[in-house]
Amino acid sequence: MPRKNVLASFHAIKNGDMSSVITSPVTNVMFLDNLIIQLNSTGAPVGAYTVEFSADYSQDSQGVVINPGNWVVCGLSPSASITSAGSVMIDFNQVPASYMRVTWTPSSGTGVLNMYVAAKEI
């Protein structure tokens, strides 16, 4: 029976303080085609999410960074700017990069951020 690569949904950011910049842990999405990012916020945050990908970042099997790489912001449409709390779902189809991370940059307000990530091979 054929086998598919999957990244089961996991809680990447837990109760992040949205009054400051938050960068998620790096997620290995190598060999995974479809990626979903769910961002749940509470409070009164105002700012923007960016999703960044890297093809040259690398780490060993224990998670020790070998090369910090270069991170490229993915253009999001519609914009990932928010002016109130709620949930945002970002869906990527056929992700070509090996690694991914998300950054929250506030412009005002406060809140709490929880981020979930899941991915699968087609």
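The model shown is predicted, which means the values in this text are computed figures rather than measured ones. (Residues numbered from 1 in each chain as written. Predicted model: local features only at pLDDT ≥ 70, side-chain atom pairs only at ≥ 80, totals over all residues. Heavy atoms only, no water.)

Take the overall build of the chain next. When its secondary structure is counted, the chain shows zero helices and twelve strands. Sequence-ordered secondary structure for the chain, helices as α and strands as β, is β-β-β-β-β-β-β-β-β-β-β-β. Computed over its C-alpha atoms, the radius of gyration of the chain comes to 15 Å, within 12% of the 14 Å expected for a compact globule of 122 residues. Oriented by its inertia axes, the alpha-carbon framework of the chain measures out at about 50 × 30 × 25 Å. Across the 122 residues in the chain, those meeting the buried criterion constitute 34%. Accessible area of the chain: about 6,900 Å², with a carbon and sulfur share of 54%. Side-chain charges of the chain comprise 5 positive and 7 negative groups, with the mean position of each set lying 9 Å from the other. (Helix = DSSP H or I, 4+ residues; strand = E, 2+ residues; numbered from the N terminus. Rg over C-alpha atoms; globule rule 2.2 N^0.38 Å. Buried < 20%, exposed > 50% of the residue type's maximum accessible area, 1.4 Å probe, protein only. Areas by Shrake-Rupley, 256 points an atom, 1.4 Å probe, with all protein chains shown as cover. Lys, Arg positive; Asp, Glu negative; His and termini not counted. Charge placed at Lys NZ, Arg CZ, Asp CG, Glu CD.)

Phi at N15 takes a positive value of approximately 55 degrees, unusual for a residue other than glycine. Looking at where N15 falls in the secondary structure, it is placed in strand β1 (residues 6-17). Given the relative accessible area of 59%, N15 is considered exposed. One non-glycine residue, Q94, lies in the positive phi region at around 60 degrees. With respect to the helices and strands, the residue Q94 is situated in the loop between β10 (86-93) and β11 (99-108).

A few words on the sheet that holds strand β12 (residues 111-120). Across the sheet, which stays open at both edges, the four strands sit in the order β1-β12-β4-β10 with antiparallel pairing between neighbours. Each edge of the open sheet is held by one strand with a lone partner, namely β1 and β10. Pairwise comparison of adjacent strand axes, ignoring direction, gives a mean angle of 10 degrees for this sheet. Here ten bridges tie strand β4 (residues 34-43) to β12, and the two strands are oriented antiparallel to one another. Bridging across to β12, L39 finds its partner in M115. (Pairing = 2+ DSSP bridges. Axes fitted to C-alpha atoms, helices over the stretch in contact; angles between N-to-C directions.)

Topologically, Y99 is positioned in strand β11. A relative accessible area of 6% places Y99 in the buried class. Between the C-alpha atom of Y99 and that of E52, which follows or precedes it by 47 residues, the distance is 8.4 Å. When residues no more than four places from it in sequence are discounted, the contact partners of Y99 are V26, T27, N28, V29, M30, E52, F53, S54, Y57, S58, Q59 and W71. (Contact = heavy atoms within 4.5 Å.)

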